[in-house]
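Here is what each chain is made of, one letter per residue.
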Amino acid sequence: MALRARALYDFRSENPGEISLREHEVLSLCSEQDIEGWLEGVNSRGDRGLFPASYVQVIRAPEPGPAGDGGPGAPARYANVPPGGFEPLPAAPPAAFQPLLQPQQAPPPSTFQPPGAGFPYAGGVLQPSPQQLYGGYQASQGSDDDWDDEWDDSSTVADEPGVLGSGTYPDLDGSSSAGGGAASRYRLSTRSDLSLGSRGGSAPPQHHPSGAKSSATVSRNLNRFSTFVKSGGEAFVLGEASGFVKDGDKLCVVLGPYGPEWQENPYPFQCTIDDPTKQTKFKGMKSYISYKLVPTHTQVPVHRRYKHFDWLYARLAEKFPVISVPHLPEKQATGRFEEDFISKRRKGLIWWMNHMASHPVLAQCDVFQHFLTCPISTDEKAWKQGKRKAEKDEMVGANFFLTLSTPPAAALDLQEVESKIDGFKCFTKKMDDSTLQLNHTANEFARKQVTGFKKEYQKVGQSFRGLSQAFELDQQAFSAGLNQAIAFTGDAYDAIGELFAEQPRQDLDPVMDLLALYQGHLANFPDIIHVQKGALTKVKESRRHVEEGKMEVQKADGIQDRCNRCISFATLAEIHHFHQIRVRDFKSQMQHFLQQQIIFFQKVTQKLEEALHKYDSV
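The structure presented is a predicted model; accordingly, all values stated were derived computationally and were not measured.

### Examining the overall build of the chain
1) Next: Looking only at helices and strands, one finds eleven helices and 15 strands in the chain.
2) Next: Here the chain, with 618 residues, has 41% of them falling under the buried criterion.
3) Next: Pairs at least 24 residues apart make up 71% of the contacts formed inside the chain by residues separated by at least 6 positions.
4) Next: Taken as a whole, the chain presents about 32,100 Å² of accessible surface, with 53% of it coming from carbon and sulfur.

Next up, the structure:
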């Protein structure tokens, strides 16, 4: 007899490989053995896929009995009722679905993801990658800069963000294990008095007896590795964030002429990166490149290795889920000490630093200022303290959104916000495609200039010199001037070939450096948009529950307010900043490119004019 199960609750699929269920629906199971809390089966509509094992109850085959007792021999009364009949529904949901007031009964969150979510299979068991387990970014530990320096030998690991109720977060009764209520710290909380479901995983709606008033909750994403969940956006929107926010941690969003934007940095600065120097330690066994950084607001030089930049990037990417932290220049396993590679990396770091110092939020971030101002060589203790403080930062995950400060009387239209987000999503896709195309074209053209054009111009020059050598066999005195002029023309074409080979360093390489930086930005925005889209989805779901009379209006308004006044404001402010720096950077770079092109062709023209004047005396 085929295995079957009955759905205890409605379930709506959200990911590829899942199927939706309806309460009381009978399903055919492919196997009774669940994998990480999921079963595979076929619903009444013929769809095959995965669904939570806790949402169904397996129908056991009854013991054989007389036909009159309703056994297998008796005809079924209803076509859609299994021969064995329905078992009575449980009086209450399983212990795993008890409300938040009993957290000790909540099961650990399911780590299973359905096929199509990007997990490789190994031996029949899904194996999530480290990136999926621990976040979108991990500081690389490649051979480029090993993490064996003395400054981080005793470093600690930052607490996992988003786990409410842990030792670093305030308790539910208002007390905090992270410190007292100093005058400069304010306790902010989005936690609702009503249960929003189990904190550890997805909680199905509780079954209510007939006639009892239902109270629906906004469902949690089953994919616990989605950006919306990992960033803390879901926990914040559902009202599960609480913590103390210091005055210095507040991030202000203001309304400008074009909509929300980050409040400007009152103390703007820049930072130069110079003097890449090869240094050694462990008596010459370990070599690395050190860069000198000089911020304009301190004028005090500090020296940093690439691994310090790498560490800083990891901290910033973890802390700011709705801010596009520029990507660092790529690592390289070999040739790290070659002059060309060092020069290229330095240029990439200059672009990176320019974008960091230009961002109103990133430029004022404590960890970034610590990176710019704390000298490791002279005050190693202060560096380690600042490093550990950044790694233990509590204002990450859901708590990050508590630091956002928006105009009190401002309100955004959610339909307009969604329209702007969709438009920006199309823009980034088109820009990404065009930057890839331009980068490919520029790279191919630069390659031709360095090799093909130089070689072809030298061939022309060699041919002119060959003609001059042939004319010298004439031995006529009046032809000597012509022979010299033709030979000079050949030399001019050789020089023009060299100009072509050197020119990409002046115009095309800077353009490709800028494109590489913006390709990193464009790679960040899908996750930022996903957080915004996830928040909008929760708002729509809460509105639907209100219309159906399953949720209180006050609770739905709280979800909408957190989405509108925090996540939407921050996302639109970041989009506005991106457009601002994009216009600034591409205007400046295109001007530089055309100026260098004009200078180049002026040099070519000068070489040709010099060759032309040689024929005047013939």
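Back to the text.
### Description of the pairing of strand β11 (residues 259–262)
1) Next: Here strand β10 (residues 251–256) pairs with β11 via four bridges, running antiparallel. Residue valine 254 lies in a different strand from β11, and its bridge partner there is glutamate 261.
2) Next: The hairpin formed by β10 and β11 contains two residues between the paired strands.

### Overview of the packing of aromatic side chains
1) Next: Throughout the structure, instances matching the rule amount to 22 aromatic pairs.
2) Next: Here a set of aromatic residues connected by ring pairs shows up, and it is made of Phe445, Phe453, Tyr457, Phe464, Tyr493, Phe500, Phe600 and Phe601.

### Things to note about the side chain of histidine 577
1) Next: Topologically, histidine 577 is positioned in helix α11 (residues 553–613).
2) Next: Judged by its relative accessible area of 7%, histidine 577 falls in the buried class.
3) Next: What histidine 577 contacts, discounting residues up to four positions off in sequence, is Trp262, Ser358, His359 and Pro360.

### Observations regarding the pattern of salt bridges
1) Next: A full pass over the atoms with the stated rule returns 22 salt bridges.
2) Next: Residue lysine 387 pairs with glutamate 391 through a salt bridge whose shortest N-O separation is 2.9 Å. Taken together, the residues span about one helical turn, with lysine 387 and glutamate 391 both in helix α7 (residues 380–391) at a distance of four residues. When sorted by exposure, lysine 387 lands in the same class as glutamate 391, which is buried.

### A word on the sheet that holds strand β5 (residues 56–59)
1) Next: Pairing within the open sheet is antiparallel, and its five strands lie in the order β4-β3-β2-β1-β5. Of all the strands in the sheet, just β4 (48–52) and β5 have a single pairing partner and so form its edges. Strand-to-strand twist of the sheet, defined as the mean angle between neighbouring strand axes without regard to direction, takes the value 45°.
2) Next: In this structure, strand β1 (residues 4–7) lies alongside β5, joined through four bridges in antiparallel fashion. Across the sheet, residue alanine 5 finds its bridge partner in β5, namely valine 58.

### Overview of the sheet that holds strand β14 (residues 302–305)
1) Next: Across the sheet, which stays open at both edges, the three strands sit in the order β12-β13-β14 with antiparallel pairing between neighbours. Where the open sheet ends on each side, the last strands, each with one partner, are β12 (271–281) and β14. Here the average twist between neighbouring strands, direction ignored, is 35°.
2) Next: Direction of pairing for strand β13 (residues 286–295) relative to β14: antiparallel, over a ladder of four bridges. Its bridge partner lying in β14, tyrosine 291 is registered against arginine 304.
3) Next: Sheet strands in contact with helix α6 (residues 366–373) are β12, β13 and β14, and its direction is about 110° off that of β14.

### Structural notes on a nonpolar patch on the surface
1) Next: A cluster of nonpolar residues, Val460, Phe464, Leu467 and Phe471, forms a patch on the protein surface that exposes about 280 Å² of accessible area.
2) Next: Mapped onto the elements of the fold, phenylalanine 464 is located in helix α8 (residues 414–471).

### Considering the nonpolar core
1) Next: Formed by 81 residues in total, the largest nonpolar core has its most connected members in Leu293 and Met353.
2) Next: Looking at which domains feed residues into this core, each of domain 2 (260–405) and domain 3 (414–616) supplies at least three.
3) Next: When near neighbours in sequence (up to four residues on either side) are disregarded, methionine 353 contacts Cys271, Ile273, Leu293, Phe309, Phe368, Phe371 and Leu372.
4) Next: Formed by 16 residues, the second largest nonpolar core is a distinct cluster that contains Ala7, Ile19, Trp38 and Leu39.

### Notes on the confidence of the model for the chain
1) Next: Scored by pLDDT, the chain has a mean of 77; 73% of the residues are at 70 or more.
2) Next: Below a pLDDT of 50 lies the segment residues 65–184, which in the model reaches 211 contacts outside its immediate sequence neighbourhood of four places, other chains included.
3) Next: Below pLDDT 50 for its whole length, residues 192–214 participates in 52 contacts with residues either more than four positions away or in separate chains.

### Observations regarding the environment of glutamate 23
1) Next: As for its placement among the helices and strands, glutamate 23 is situated in the loop between β1 and β2 (26–29).
2) Next: Relative accessible area serves as the criterion here: at 32%, glutamate 23 is assigned to the partly exposed category.
3) Next: On a C-alpha basis, the gap between glutamate 23 and alanine 7 in space is 5.1 Å, while along the polypeptide they are 16 residues apart.

Procedures and definitions
- Residues numbered from 1 in each chain as written.
- Predicted model: local features only at pLDDT ≥ 70, side-chain atom pairs only at ≥ 80, totals over all residues.
- Heavy atoms only, no water.
- Helix = DSSP H or I, 4+ residues; strand = E, 2+ residues; numbered from the N terminus.
- Buried < 20%, exposed > 50% of the residue type's maximum accessible area, 1.4 Å probe, protein only.
- Contact = heavy atoms within 4.5 Å.
- Areas by Shrake-Rupley, 256 points an atom, 1.4 Å probe, with all protein chains shown as cover.
- Pairing = 2+ DSSP bridges.
- Phe/Tyr/Trp six-rings, centres within 6.5 Å; stacked < 30°, edge-to-face > 60°.
- Salt bridge = Lys/Arg side-chain N within 4 Å of Asp/Glu carboxyl O.
- Axes fitted to C-alpha atoms, helices over the stretch in contact; angles between N-to-C directions.
- Patch = residues over 30% accessible without salt bridge, like charges linked within 9 Å, V, L, I, M, F, W, Y side chains within 5 Å.
- Core = buried A, V, L, I, M, F, W, Y, C linked by side-chain atoms within 4.5 Å.
- Domains from an automatic or database assignment.
- pLDDT = per-residue confidence, 0-100.

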